[in-house]
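Coordinate analysis (summary)
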Amino acid sequence: MSTDTIAGATEFAHMLLKVSDIKRSERFYVDLLGFKVRPAKPLADGRPFVPFTQGIALTSGGPQASPQIDHIAFKATDVRAISARLKKANAKFDRDLHDGIYGLTIYVFDPDGNMIELYEEGAKMP
């Protein structure tokens, strides 16, 4: 095998989600999941765009017939508090708090039905 660098993908860069209501989705990700909006250049085609430091961004896309992504996973802190905040906001869960393979885990749906996994490394159920 050659010692030359092999061309290929090296790390996660970003994910652009098409959503039906960009303001509603921005509130979900910021207010309920604790995401932080970051500055970015506008999209070349002029669509509205909300980028986050966590590696995803939102744009307008209308209602989706079926999700194209199985789920998006994020490391998190205090998953118990996130779960409580989501429940208070009546968010739809796929799976509530449980011991996942990476730590204490929840799966929740965003307003457009995209499944979001949040896990806290090292944390476990009581």
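Conventions and cut-offs
- Residues numbered from 1 in each chain as written.
- Predicted model: local features only at pLDDT ≥ 70, side-chain atom pairs only at ≥ 80, totals over all residues.
- Heavy atoms only, no water.
- Phe/Tyr/Trp six-rings, centres within 6.5 Å; stacked < 30°, edge-to-face > 60°.
- Helix = DSSP H or I, 4+ residues; strand = E, 2+ residues; numbered from the N terminus.
- Buried < 20%, exposed > 50% of the residue type's maximum accessible area, 1.4 Å probe, protein only.
- Lys NZ or Arg CZ within 6 Å of the ring centre and 35° of its normal.
- Pairing = 2+ DSSP bridges.
- Axes fitted to C-alpha atoms, helices over the stretch in contact; angles between N-to-C directions.
- Contact = heavy atoms within 4.5 Å.
- Polar contact = N/O pair within 3.5 Å; in protein donor to acceptor, adjacent residues only side chain to side chain.
- Arc of directions from axis to C-beta.

Quick notes on the packing of aromatic side chains
If you walk through the whole model with that rule in mind, you get six aromatic pairs. For the pair Tyr-29 and Phe-52, a centre-to-centre distance of 5.8 Å together with 35 degrees between the ring planes defines the contact as tilted. Of this pair, Tyr-29 sits in helix H1 (residues 22–32) while Phe-52 is found in the loop between strand S2 (49–51) and strand S3 (56–60), placing the two residues 23 residues apart along the sequence. You'll find Tyr-29 and Phe-52 in the same group, each marked buried. Pairing Phe-35 with Phe-74 gives two aromatic rings, centres 5.0 Å apart and planes at 75 degrees, and the pair type is edge-to-face. Pair noted here: Phe-35 is in the loop between H1 and S2 and Phe-74 is in strand S4 (residues 72–75), with a separation of 39 residues, a long-range link. Of the two residues examined, Phe-35 and Phe-74, each falls in the buried class. Joined through ring pairs, the aromatic side chains of Phe-28, Tyr-29, Phe-35, Phe-52 and Phe-74 make up one cluster. In this structure, Lys-92 is placed above the aromatic ring of Phe-109, and the distance from its NZ or CZ to the ring centre is 5.0 Å. A cation sits over an aromatic face here: Arg-95 above Tyr-107, 3.9 Å from the ring centre.

Details of the sheet that holds S3
Taken in spatial order, the three strands make up an open sheet running S1-S3-S2, and their pairing is mixed. The outermost strands of the open sheet, each flanked by one partner alone, are strand S1 (15–19) and S2. Between one strand axis and the next, the sheet turns through 20 degrees on average, direction left out of account. When S2 meets S3, the two strands line up antiparallel, connected through three bridges. Of the residues in S3, the one forming a bridge with Pro-51 is Ala-57. Relative to the sheet, H1 contacts S1, S2 and S3, its axis offset from that of S3 by approximately 160 degrees.

Side note on the environment of Thr-53
In this fold, Thr-53 is placed in the loop between S2 and S3. Residue Thr-53 is classed as exposed on the basis of its relative accessible area of 51%. In this structure, the C-alpha to C-alpha distance between Thr-53 and His-14, residues 39 residues apart in sequence, is 9.5 Å. Here Thr-53 is in contact with Lys-36 and Arg-38, once residues within four sequence places are set aside. At a separation of 3.1 Å, a polar atom in the side chain of Thr-53 contacts the side chain of Gln-54.

Side note on helix H2 (residues 79–88)
Taken together, the buried positions of H2 are occupied by Val-79, Ile-82, Ser-83 and Leu-86. For H2, the angular spread of the buried residues around the axis is 100 degrees, confining them to a single face. Just downstream of H2, Asn-90 is the residue with a positive phi angle, here 60 degrees.

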